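In case you want the letters, here they are:
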Amino acid sequence: MHAVVVYGFLLWGGIVMHQPAHAREAMAASPADHLAIVAAVNEIGLAADMRDWPRVRAQFADEVLVDYTSLAGGQPARMSADDLVASWRAFLPGFTVTQHLVGSHRVNAEGKRASVLSQFIATHRLAGATGGELWTLGGHYRHTLRKTGAAWKVDAVTMTCTWQTGNPDLPRLAGEAAKQERKDAPSPHP
């Protein structure tokens, strides 16, 4: 099977993929790998919003470099994927609902390594919160992935927040709500 570029569209077998001029040189992955890479990136936000923590964890390599310094300050941190997912699991349920929309992916892949630049909008709602129920932020993510067997796994994520609106106190309030929920939850031991 071979690929042909016609008027900015990549024709690969029976699959037609739009390939903008700025991304033509970056498309080194097969269409199947391209789709799997984008699916891994998309699944993180979708599964987190659905509180499907095993599915979130399945998108990551065992160790992840995490950089959220544009929002929270500090330094990037290398951590286990289990610890990263546990931190989200302890925090996100404090919101009534979250929605992480990730798109406009620019994929660059070579061999068993890939990077993806994506835009995002993340909306967080905490019903009845003092100061407003919504906190929304946007910007872009850069994920790096490596192919492990047949799967692509994220081994680094950088979130660059370029704007935010709404109640900036909502993360603190949601953290307190999540902590209270854990405290009030029945013990699994009799």
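How each quantity is defined
- Residues numbered from 1 in each chain as written.
- Predicted model: local features only at pLDDT ≥ 70, side-chain atom pairs only at ≥ 80, totals over all residues.
- Heavy atoms only, no water.
- Buried < 20%, exposed > 50% of the residue type's maximum accessible area, 1.4 Å probe, protein only.
- Helix = DSSP H or I, 4+ residues; strand = E, 2+ residues; numbered from the N terminus.
- Phe/Tyr/Trp six-rings, centres within 6.5 Å; stacked < 30°, edge-to-face > 60°.
- Pairing = 2+ DSSP bridges.
- Polar contact = N/O pair within 3.5 Å; in protein donor to acceptor, adjacent residues only side chain to side chain.
- Contact = heavy atoms within 4.5 Å.
- Axes fitted to C-alpha atoms, helices over the stretch in contact; angles between N-to-C directions.
- Salt bridge = Lys/Arg side-chain N within 4 Å of Asp/Glu carboxyl O.

**Q** Help me out: how do you make sense of unusual backbone geometry in this one?
**A** It is generally the case that most residues other than glycine have a negative phi and that most peptide bonds are trans. Not every positive phi belongs to a glycine, and Arg-51 is a case in point at roughly 60°. By relative accessible area, Arg-51 is classed as partly exposed at 24%. Backbone geometry at Ser-104 places phi at a positive 50°, although glycine is not the residue there. The topology assignment puts Ser-104 in strand 6 (residues 97-110).

**Q** Quick question: what am I supposed to make of the packing of aromatic side chains here?
**A** The relation between two aromatic rings is expressed through the spacing of the ring centres and the mutual angle of the planes. Under the counting rule described, the total for this entry stands at three aromatic pairs. For the ring pair Phe-120 and Tyr-141, a centre distance of 4.6 Å and an interplane angle of 40° mean the geometry is tilted. With Phe-120 in strand 7 (residues 113-125) and Tyr-141 in strand 8 (residues 134-148), the pair connects residues that are 21 residues apart, well separated along the chain. The buried category is assigned to Tyr-141, whose relative accessible area is 10%.

**Q** What is the right way to look at the pairing of strand 8 in this model?
**A** Direction of pairing for strand 7 relative to strand 8: antiparallel, over a ladder of 13 bridges. Each bridged residue has a counterpart across the sheet, and for Phe-120 the counterpart in strand 8 is Gly-139. If you look at the hairpin formed by strand 8 and strand 9 (residues 151-166), you'll find two residues sitting between the two strands, and Gly-149 has a positive phi there, around 65°.

**Q** Explain the environment of Val-116 to me, please; I cannot follow it from the model alone.
**A** Inspection of the secondary structure puts Val-116 in strand 7. In this structure Val-116 comes out as buried when scored by relative accessible area, which is 0%.

**Q** Got a minute to help me understand the side chain of Arg-57 in this structure?
**A** Here Arg-57 is to be found in helix 2 (residues 53-57). One polar contact links Arg-57 to Asp-82, side chain to side chain, over a distance of 2.7 Å. Filtering out sequence-adjacent residues up to four positions away, Arg-57 remains in contact with Asp-62, Ala-81, Asp-82 and Val-85.

**Q** What exactly am I supposed to notice about the sheet that holds strand 5 (residues 77-80) here?
**A** In sheet architecture, strand pairing relies on hydrogen bonds along the backbone and comes in two forms, parallel and antiparallel. Strand order in the open sheet formed by six strands is 5-4-9-8-7-6, with mixed pairing between adjacent strands. Since the sheet does not close on itself, it has two edges, and those belong to strand 5 and strand 6, each with one partner. The sheet shows a mean angle of 20° between the axes of neighbouring strands, taken without regard to direction. Strands strand 4 (60-67) and strand 5 of the sheet are contacted by helix 4 (residues 81-91), whose axis makes an angle of about 60° with strand 4.

**Q** Just checking my understanding: could you explain the pattern of salt bridges for this structure?
**A** In a structure, side chains of opposite charge can pair up when their charged atoms sit close to one another. All told, the structure shown has ten salt bridges when counted by the stated rule. Between Glu-133 and Arg-125 there is a salt bridge, and its shortest N-O distance comes to 2.9 Å. For Glu-133, a relative accessible area of 31% corresponds to the partly exposed category.

**Q** Honestly, the environment of Glu-133 in this entry has me stumped. Any pointers?
**A** Within the secondary structure, Glu-133 sits in the loop between strand 7 and strand 8. C-alpha of Glu-133 to C-alpha of Leu-170: the two residues are 37 residues apart in sequence and 7.6 Å apart in space. Aside from chain neighbours lying at most four places away, what touches Glu-133 is His-124, Arg-125, Leu-126, Ala-127, Gly-128 and Leu-170. Within polar-contact distance, the side chain of Glu-133 engages the side chain of Arg-125 at 2.9 Å. Among the polar contacts listed, one links the side chain of Glu-133 to the backbone nitrogen of Gly-128, at a separation of 2.8 Å.

Interpretation in functional terms is not warranted from these geometric data alone.
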